[in-house]
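Here is how the chains run, residue by residue.
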Amino acid sequence: MKVISQFTARPAMDGDGVNIRRVADFMNTRFDPFLMLDEIKSDDEKDFIGGFPPHPHRGIETFTYIRKGGFEHRDQLGNVKAIKAGDVQWMSTGSGVVHSEMPLADAKDGLHGFQIWLNMPAKEKMRPAIYRDSTDKPLPETRNKSGTCLRALAGSWQLSDEKPIAAPIQTLAGQGKIADLMFPPKGTAQIDLKEREFAGLYLYQGELYSQSVPDKAYQAGQYLIVDSQQLLDLAAGEQGAGALLFAGEPIREKIVHMGPFVMNSQQEIQQAIEDYQAGRFGAI
C-alpha cells in the first residue's frame, strides 16, 4: 500500500448541535469525486439528540451509513424511512431536496454513523432527485480466511480471492463505491482497486498497518488517500480495526460550495439560495 497523503478528522458541529468529526475538501477536491465525510460516534445522547431538522441540498449526493442506533429520514418527495444499524441510504439530490434526519428512540443507547458527500457532474446537477436505501434486506458481506469481513455499501467489491459481491446501490456519482472493512485482532486483507483512479480509506476503529510497511501504524480518525494502482494490503493490530473504503473516478470540474449547495459557479449558488427561499424545493 502506498499512502499519497493523509488527513485527520476534526471536531465540528452541524444540524441542531450534533457533534461530529469531519474530513472535507471543497477547495482542492483531493477526494474527487468525494467531498466530505462526517462521523457521528457517541454513547451520550446530548451529542446527537438535536438531529438534523429540515434543510436543503442541491448539486450533491449524500450517502448515509449507520453502524449503531439510527435516524428517521423524511423528505419532500414523500419518503419516510427508519435508517438503522447496518442500513445505508443514498440521495442524489440533483436540482433540490429538503430532508430531515432525526435520531430514533433506540439511539439513546448510542449512535455511530457516517454521512458522505459526493460531487455531481455539472450536466446532472439540475436533474430530478433520486432516493434509495437498503432497509429491505441485509447488505452483502464476504469474509476471508483471517476472519476479516467486507460489507459492500455501494458498488461491487472483492476481498482477496473471495467471490465478488455487489451492494444494492450501484449508481453513485463518479462511479463511486464504498465498503466497510471489519478486522478481527491481527486480521488481514488484500484488495485490488486498480479499476478506479481514486482510492481512500477512513479508519474509524483500532490500528491498521500496511503489510509491506509493518512499522507504520495508522490510527482511528485518519483518512488516507492511497495509490489505487498498488495492492491494498492491510493488517490490524491486537484490538482489531474498522475502516471505510472509497474508490471512484474524479469528475475534475470546478466547484463552488456554500453550506448545503455545491454547484459550478457563484451564480448557480445564488440561484439555489433564491429557489430555496422562494419555496421551489418544496417542503416536508
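Along each chain, the written sequence defines residue order, and numbers are assigned to residues from 1. Totals for whole chains, interfaces and linings use all residues, but because this is a predicted model, local features are given only for residues with pLDDT of at least 70 and pairs of side-chain atoms are given and counted only at 80 or more. Hydrogens and water are ignored here; the side-chain numbers use all heavy atoms of the structure.

- An unreviewed UniProt entry annotates the protein as Pirin family protein originating from Shewanella marisflavi.
- UniProt positions are given in the numbering used here, feature names are shortened, and annotations may be inferred rather than shown by experiment. Reading the Sequence similarities (unreviewed entry) entry of the UniProt record for the protein gives the comment "Belongs to the pirin family."

## Digging into the overall build of the protein
Piece 1. Helix numbering and strand numbering both begin at the N terminus, where a helix is a DSSP run of H or I of at least 4 residues and a strand a DSSP run of E of at least 2. Helices and strands together make up the secondary structure of the protein, namely one helix and 24 strands.
Piece 2. A compact globule built from 284 residues should have a C-alpha radius of gyration of about 19 Å, and the protein, at 18 Å, falls within 12% of that.
Piece 3. Projected onto its principal axes, the C-alpha coordinates of the protein cover approximately 55 × 40 × 35 Å.
Piece 4. A simple rule labels every residue: compare its accessible area, found with a 1.4 Å probe on the protein chains alone, to the largest value its type can have, and call it buried under 20%, exposed over 50%, or partly exposed in between. A buried classification covers 54% of the 284 residues belonging to the protein.
Piece 5. Note on contacts: a residue pair is in contact if any heavy atoms of the two residues lie within 4.5 Å. Considering only residue pairs separated by 6 or more positions, the protein has 71% of its internal contacts joining residues 24 or more positions apart. Only C-alpha atoms enter the radius of gyration; for comparison, a globular chain is expected to reach 2.2 Å times N to the power 0.38, where N is the number of residues.

## Quick word on the pattern of salt bridges
Piece 1. What makes a salt bridge here is a side-chain nitrogen of Lys or Arg within 4 Å of a carboxyl oxygen of Asp or Glu, nothing more. Going through the model one piece at a time under the given rule, you end up with 16 salt bridges.
Piece 2. One salt bridge connects Lys68 with Asp43, and the closest N-O pair in it is separated by 2.9 Å. Of this pair, Lys68 sits in strand β6 (residues 60-68) while Asp43 sits in the loop between β4 (34-42) and β5 (52-57), placing them 25 residues apart in sequence.
Piece 3. Lys68 sits in the partly exposed class, given a relative accessible area of 35%.
Piece 4. When salt bridges with common partners are traced through the structure, they connect Asp14, Arg22 and Asp38 into a single cluster.

## Focus: the nonpolar core
For soluble globular proteins, the rule of thumb is that nonpolar side chains tend to be buried together.
Piece 1. Residues Phe63, Ile116, Ile178, Tyr202, Tyr223, Leu244 and Phe246 are the most contacted members of the largest nonpolar core, which totals 28 residues.
Piece 2. Apart from residues no more than four positions distant in its own chain, Tyr202 is found in contact with Ala9, Val23, Leu37, Glu39, Phe114, Gly221, Gln222, Tyr223, Gly242, Ala243, Leu244 and Phe246. The definition of a nonpolar core used throughout is a set of buried Ala, Val, Leu, Ile, Met, Phe, Trp, Tyr and Cys residues joined through side-chain atoms within 4.5 Å.

## A few points about the UniProt feature "domain: Pirin C-terminal" (unreviewed entry) in the protein
Piece 1. Under the local residue numbering, the UniProt record ascribes the feature "domain: Pirin C-terminal" (unreviewed entry) to residues 179-282.
Piece 2. Counting secondary structure, residues 179-282 comes out at 12% helix and 56% strand; the distance between its end C-alpha atoms is 33 Å.

## Some remarks on helix α1 (residues 266-277)
Piece 1. The end-to-end C-alpha distance of α1, which contains twelve residues, comes to 17 Å, matching closely the 16 Å that a straight helix rising 1.5 Å per residue would cover.
Piece 2. Of all the residues in α1, the buried ones are Ile269, Ala272, Ile273 and Asp275. The buried residues of α1 occupy one face: seen down the axis, they fall within an arc of 165°. Exposed side chains of α1 directed beyond 90 degrees from the buried face belong to Gln267 and Gln277.
Piece 3. On the buried face of α1, the contacting elements are β23 (256-258) and β24 (261-263).
Piece 4. One or two steps after α1, the chain reaches Gly279, where phi turns positive at roughly 85°. A helix is expected to reach a length of 1.5 Å times the quantity of its residues less one. Directions pointing from the helix axis toward each C-beta atom define the arc.

## Notes on unusual backbone geometry
Piece 1. Along the chain, Asp32 connects to Pro33 via a cis peptide bond; the corresponding omega equals 15°.
Piece 2. Mapped onto the fold, Pro33 is located in the loop between β3 (18-24) and β4.
Piece 3. If you check the backbone angles, Ser160 has positive phi at about 50° while not being a glycine.
Piece 4. Looking at where Ser160 falls in the secondary structure, it is placed in the loop between β15 (156-157) and β16 (165-166).
Piece 5. Residue classification places Ser160 among the partly exposed residues on the basis of a relative accessible area of 30%.
Piece 6. Even without being glycine, Lys186 reaches a positive phi, approximately 65°.
Piece 7. Its location among the elements puts Lys186 in the loop between β17 (177-183) and β18 (188-191).
Piece 8. Looking at Lys186, the relative accessible area reads 53%, which means it is exposed.

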